[in-house]
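# Geometric and topological summary
Listed below are the residues making up each chain.
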Amino acid sequence: MIYSSELIKGTLKTIVLKLLADNKKMYGYEITQRVKELTLDKIQITEGALYPTLHALESDGLVTTETEFIGKRVRKYYSLSPSGKNKTKEKVSELADFMDTMKFLLDIKPKTA
Amino acid sequence: MYRISDQQIDYILSDIGARGVEMESLQQNLLDHVCCIIENNLEENGDFENFYKKTIQTFYKDELWEIEEETLLLLTYKNYYTMKKIMINSGIAAATFFIIGSFFKFMHWPGASMLIILGMAIGVLVYLPLLFLFKKNETTESRAKLVLAIGTINGILFCLNALFKVMHWPGANTMWFMTLGIFALVFIPLYFFNGIRDQANKINTITTTLILIILAGVFFLQTSLRPSFTVQKKTIQSDQHMEDSYHYATEQNKITYNSSVDSSNHKTSQEKLKLTCNALCEKIEKIKLNFIQQMEGDSSIREINYQDLENSGLSTNYDFPTRMLFTENGDAKDNLKNLKEDLINFNSYISSAYEQNSAKLINLSSQKDEMGIDGSWEKTKFYNNPLLCVLRNLTQLQLDIRFIESSCIKHHCN
């Protein structure tokens, strides 16, 4: 099952921030691949959602970029800024809290084996 | 693993640009991304072009530039709430200043103009442009955006017009007709035909259009509203009377000269008085006639007919005299300057030659205006005055000169 883009949209920032926190520096393609890998293809981040988010994070000062030339093309690596590190913790705990609330709200019983 | 050549990179980059992505950093991001996919998924001797086209299609729903649009949207979203707050507060500030200013103006209290200008400036420079930006983003249709743009321009023009009218700045009339023209002939039709296509909003569009047409009508009606007809007519009559009095005084002085010429021992000084007064009065008469000739566009007019002036509606026009008398290249500007110099010379001539002249000198001192601010003689008498008042003030000057002249002739007789 692939999750709908609506669900992904609200959590994409958190996903990207958390990945950067765990991996120091990453480039766009790498992020999409890593997410795919980790979620066993359940979450597939589209290019149309990823790059706008990365640009927004950059303009908010949460991530910094460095470029590297790969032959003729330029690769842009993203990494967390100090404020981005704080934001990541904030975002992750907010999402965790949100998931608890959703579980309660939607009355989802924990899966029993 | 496929190896992408430099030419292929150029090809991809130019293709991304051609698909409407203009931000360089985004172009580079997408280029690297698509290259990664190709390198990892295309076999060594696979069909590059075909594979690229298929890959790039997975990036978007309809068009590639959607990504850039989404990016820009997210980048501006940050300022969205601040901007909205500024918009609402500036709207409230503009309305408040304008209403308080109008009340001050109505009560003739000082500071009215300042408040009105401030209110209008905030409205025109901050509120309306921001409103346009927000409304523009609510629609994707270019026709609806055009309606919004013209509506905003119209709104700005309306505000500027109110400002010009209230402040009596020159050019208000021309601008007013232009604004009404755009409103009635461009904005309303555009609004109507754009809205009528949408079935759901048909009734709304028709109702709003009708209200707009009524508004345009009311505005237009107000353009030609004038002071009470009786007041106007009687004022004109008084002006004609003053003109007559001046001619009468001229005649009387002439008679006095003639009767005293033999008995006088001051023939030369009397001659000088006569010449000076006549020259000055004629000069003023020329300025008056110049107005009528210029405004009617007929240089053959030799006499001021106040009734004609009233009929043609020129009598209340204040733009034209102000423009002629005060703008850098106004026709009568030099005349006004010369006139003031002549009057100053006249005053000093009279006060030195006729110490006992019983009539006073011509008053050229500055006066306080309705706001308590000192205005120069020429500003008080002629700036932003309706043509009728400008003419009246000039006639008054002629009459004053004749009075002074008359009192000076008596001095000779004694």
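## What about the overall build of chain B?
Of the regular secondary structure elements, chain B holds 15 helices and two strands. Per-residue burial over chain B gives 20% buried out of 414 residues. Taking all contacts inside chain B whose residues are at least 6 apart in sequence as the whole, residues at least 24 apart take part in 65%.

## A closer look at the overall build of chain A
Along its length, chain A carries five helices and three strands. Starting at the N terminus and walking to the C terminus, you meet the elements of chain A as α-α-β-α-α-β-β-α. Looking at chain A as a whole, 28% of its 113 residues are labelled buried.

## Some points on the sheet that holds strand β1 (residues 25-27) of chain A
With respect to topology, three strands assemble into an open sheet ordered β1-β3-β2 (chain A), the strand pairing being antiparallel. Looking along the sheet, the strands with just one partner apiece sit at the ends: β1 and β2 (63-70) of chain A. The mean angle between the axes of side-by-side strands here comes to 35 degrees, regardless of whether they run parallel or antiparallel. Sheet strands in contact with helix α2 (residues 24-41) of chain B are β1 and β3 (73-80) of chain A, and its direction is about 100 degrees off that of β3 of chain A.

## Quick word on the interface of chain A and chain B
Facing the 17 residues of chain A at the interface are 22 residues of chain B. Residue assignment for the side of chain A that touches chain B shows that the elements contributing at least two residues are α3 (28-38), α4 (47-59) and β3 of chain A. The element contributing the most residues to the side of chain A that touches chain B is α4 of chain A, with seven residues. Partitioned by chemical class, the residues of the side of chain A that touches chain B number six nonpolar, five polar and six charged.

## Here we look at helix α5 (residues 82-105) of chain A
Residues and elements named next belong to chain A. Spanning 24 residues, α5 covers 35 Å between terminal C-alpha atoms, matching the ideal 34 Å at 1.5 Å per step. Along α5, the residues classified as buried are Gly-84, Lys-87, Thr-88 and Lys-91. Residues of α5 that are buried sit in contact with α2 (12-23), β2 and β3. Taken from the residues just after α5, Asp-107 is the one with a positive phi, measuring 55 degrees.

## Some thoughts on α2 of chain B
If you check α2 of chain B, its first and last C-alpha atoms are 26 Å apart, about what 18 residues at 1.5 Å a residue would give, namely 26 Å. Taken together, the buried positions of α2 of chain B are occupied by Leu-26, Asn-29, Leu-30, Leu-31, Asp-32, His-33, Val-34, Cys-35, Cys-36, Ile-37 and Ile-38 of chain B.

## With respect to the confidence of the model for chain B
When pLDDT is averaged across chain B, the result is 85; 93% of the residues are at 70 or more. For this predicted complex, the interface score ipTM comes out at 0.90, while the overall pTM is 0.47.

## Description of the packing of α3 of chain A against α4 of chain A
All names here are of chain A. Their axes nearest at 11 Å, the elements α3 and α4 cross at an angle of 120 degrees. For the element pair α3 / α4, the angle class is oblique. In the crossing of α3 with α4, the sense of the turn from one axis to the other is right-handed. Note on element contacts: α4 touches α3 through Leu-50, Tyr-51 and Leu-54, opposite Gly-28, Ile-31 and Thr-32. Classifying every residue of the contact of α3 with α4 gives four nonpolar, two polar and no charged.

## Structural notes on the nonpolar core
Ranked by internal contacts, the top residues of the largest apolar core, which has 36 residues, are Val-16 and Leu-20 of chain A together with Val-34 of chain B. Looking at this core, the elements that each hand over two or more residues are α2, β1, α3, α4 and β3 of chain A together with α1 (6-18) and α2 of chain B. If you tally residues by element for this core, the top one is α2 of chain B, at eight residues. Formed by 15 residues, the second largest nonpolar core is a distinct cluster that contains Cys-277, Ile-287, Tyr-354 and Ile-404 of chain B.

## A closer look at the pairing of β2 of chain A
All names here are of chain A. Two elements, β2 and β3, share eight bridges in a ladder whose sense is antiparallel. Paired with Thr-67 across the bridge in β3 is Lys-76. Remark: two residues form the turn of the hairpin made by β2 and β3, two consecutive strands paired antiparallel; Gly-71 in that turn has positive phi of roughly 60 degrees.

## A look at the environment of Met-324 of chain B
Inspection of the secondary structure puts Met-324 of chain B in helix α12 (residues 319-326). Between the alpha carbons of Met-324 of chain B and Gln-294 of chain B there is a distance of 9.4 Å; along the sequence they are 30 residues apart.

## Description of the pairing of β3 of chain A
Pairing between β1 of chain A and β3 of chain A: three bridges, direction antiparallel. Each residue of the ladder has a partner; that of Tyr-27 of chain A, found in β3 of chain A, is Tyr-77 of chain A.

## Some points on the environment of Lys-283 of chain B
All names here are of chain B. Within the fold, Lys-283 resides in helix α10 (residues 267-296). Exposure remark for Lys-283: the 16 C-beta atoms within 10 Å place this residue in the partly exposed category. Each C-alpha atom, one on Lys-283 and one on Asn-335, is 8.7 Å from the other, the two residues being 52 residues apart in sequence. When near neighbours in sequence (up to four residues on either side) are disregarded, Lys-283 contacts Leu-339 and Asp-342.

## Considering the environment of Asn-393 of chain B
All names here are of chain B. With respect to the element layout, Asn-393 can be found in helix α15 (residues 387-413). Assessed through the 14 C-beta atoms surrounding it within 10 Å, Asn-393 is described here as partly exposed. The spacing of Asn-393 and Phe-382 is eleven residues in sequence and 7.9 Å in space, taken between C-alpha atoms. Discounting residues that sit within four places of it in the chain, Asn-393 has contacts with Lys-381 and Phe-382.

## Some points on unusual backbone geometry
All names here are of chain A. The phi angle at Lys-24 is positive, at roughly 60 degrees, despite the residue not being glycine. Topologically, Lys-24 is positioned in the loop between α2 and β1. Judged by local crowding, Lys-24 falls into the exposed class, with 10 C-beta atoms found within 10 Å. The phi angle at Leu-40 is positive, at roughly 55 degrees, despite the residue not being glycine. Residue Leu-40 is classed as exposed on the basis of its 7 C-beta neighbours within 10 Å.

Quick notes on the rules
Residues numbered from 1 in each chain as written. Chains lettered and ligands numbered in written order. Predicted model: local features only at pLDDT ≥ 70, side-chain atom pairs only at ≥ 80, totals over all residues. Helix = DSSP H or I, 4+ residues; strand = E, 2+ residues; numbered from the N terminus. Buried ≥ 20, exposed ≤ 12 C-beta atoms within 10 Å, placed from the backbone. Contact = placed C-beta atoms within 7 Å. Pairing = 2+ DSSP bridges. Axes fitted to C-alpha atoms, helices over the stretch in contact; angles between N-to-C directions. Nonpolar A, V, L, I, M, F, W, Y, C, P; charged D, E, K, R; others polar. Expected span 1.5 Å × (residues − 1). pLDDT = per-residue confidence, 0-100. Parallel < 35°, antiparallel > 145°, perpendicular 65-115°, else oblique. Left-handed = near helix turned anticlockwise from the far one by under 90°. Core = buried A, V, L, I, M, F, W, Y, C linked by C-beta atoms within 7 Å.

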